[in-house]
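# Survey of secondary and tertiary structure
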Amino acid sequence: MSSSHSRKTYIAVFFALGVLTLIEIWIPGFANKYGNSASVTQKLFAQYNAHWSTWALYALSIAKAGIVGAYFMHLKHETKWLKFIAILPAIAAFYAFVLGAETLFRFYMENNPTLMSQIK
Amino acid sequence: MSHAPAASHAGHNHGSGHGHDHGSEHGHSSIGHVIDHDFGAATNGKIAMWIFLVTDGLTFAGLLLGYGYLRMRNPQWPNPQELLGIALTGAATFLLICSSLSMVLSLAAAAEKKKSSMLMWLFLTALGGAGFLGIQYYEYSHLVHEGMTISGLAKPEHLEGAWRFAGVPENFASTFYIVTGFHGLHVTTGVIYLLVLLIKGMRQREITPEFYNVLEIGGLFWHFVDLVWILVFTFIYLV
């Protein structure tokens, strides 16, 4: 009885997840050592810890979660509707975006008295 | 559609997923065996598990958004890597990824009706989950010993070990325990679920398509626990 479960794919996915995790663990130390400083824009973002490394970590974790869903949970082989239902919690990313954007806007305004007075 | 060859004998014809085959050659003419137009050959149990996972995913999303809000509004929030053990938790993360691999290998063995191989991989999956919980217990006991509990942080003048938390907002402790604890509860549930599947599997004389289906549904829960941890690990420990 043959199986269309591809062990090769599973093991490749496993190694991909392992390597991406190692990169993730390496990023914060690397960023603290070499980067995430010091221009004015970066200072603004630094207030909320939103360095390039943060975005890299977000991207890596979402990629890893996607790989687990697609290959280990077999979503790749499911119908469009099941894929759609499965991805619904990702709507939280929209709320996260609004929250982040509003917080940065508030921070920006509070640190620019001229802009603030123009609004008033 | 045909990643589950064993299940194709469960009275379902996988077909193209568009409802052309109605399994009439198996003598099932009842409407319950029609291949669903929207969900293909996915069984009711599998769809139900997916819907549960969506609600559970939204619960985690709510907790993480609350955490994100508290953190963004608090510029004194520390760099979590300086207070939490990344190496240890990285090992725990790797353990969960290993257990996700052993789960799919167990399912692959079940698809080939290799019972002992299926049981071995399933046992290793449960063992990986138990190992994760062991690491979490070790981590929690250290943090509690240093004065970090779910309701806040001890002050250095009250507890010698608490010097590391000087100036750290109390929400750092609460959000950490609430999010990782809720995930730990899922791992605990998952390990129990896997052990139940293991006992059920041992009682099978041979792997039936019905058991394959039950195993696949259990696997979905376990992979979800891994998937959520990937996000929790990044948001709570690394960022």
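Structure shown above.
So, here is what we can say about the structure in this document. (Residues numbered from 1 in each chain as written. Chains lettered and ligands numbered in written order. Predicted model: local features only at pLDDT ≥ 70, side-chain atom pairs only at ≥ 80, totals over all residues.)

On to the overall build of chain A, then. Scanning chain A from N- to C-terminus turns up six helices and zero strands. In sequence order, the secondary structure elements of chain A are arranged as α-α-α-α-α-α. Looking at chain A residue by residue over its 120 residues, the buried ones come to 20%. A fraction of 59% describes how many contacts in chain A between residues 6 or more apart in sequence connect residues 24 or more apart. (Helix = DSSP H or I, 4+ residues; strand = E, 2+ residues; numbered from the N terminus. Buried ≥ 20, exposed ≤ 12 C-beta atoms within 10 Å, placed from the backbone. Contact = placed C-beta atoms within 7 Å.)

All names here are of chain B. Ranked by size, the top nonpolar core spans 69 residues in total, and within it Val104, Val228 and Val232 carry the most contacts. In terms of residue count, helix H6 (residues 209–238) provides more of this core than any other element does, 18 residues in total. Excluding residues within four positions of it along the chain, valine 232 makes contact with Val179, Thr180 and His183. (Core = buried A, V, L, I, M, F, W, Y, C linked by C-beta atoms within 7 Å.)

Now for the interface of chain B and chain A. Listed per partner, the contact involves 44 residues of chain B and 41 residues of chain A. Mapped onto the side of chain B that touches chain A, the elements with two or more residues apiece are helix H1 (44–72), helix H3 (86–111) and H6 of chain B. Broken down by element, the side of chain B that touches chain A gets its largest block of residues, twelve residues, from H3 of chain B. For the side of chain B that touches chain A, a count of residues per class yields 28 nonpolar, twelve polar and four charged. (Nonpolar A, V, L, I, M, F, W, Y, C, P; charged D, E, K, R; others polar.)

Of note, histidine 74 of chain A is a non-glycine position whose phi angle comes to about 60°, a positive value. With respect to the helices and strands, the residue histidine 74 of chain A is situated in the loop between helix H3 (52–72) and helix H4 (80–87). Look at lysine 113 of chain B: it is not a glycine, yet its phi comes out positive at around 60°. By the secondary structure assignment, lysine 113 of chain B is in the loop between H3 and helix H4 (115–145).

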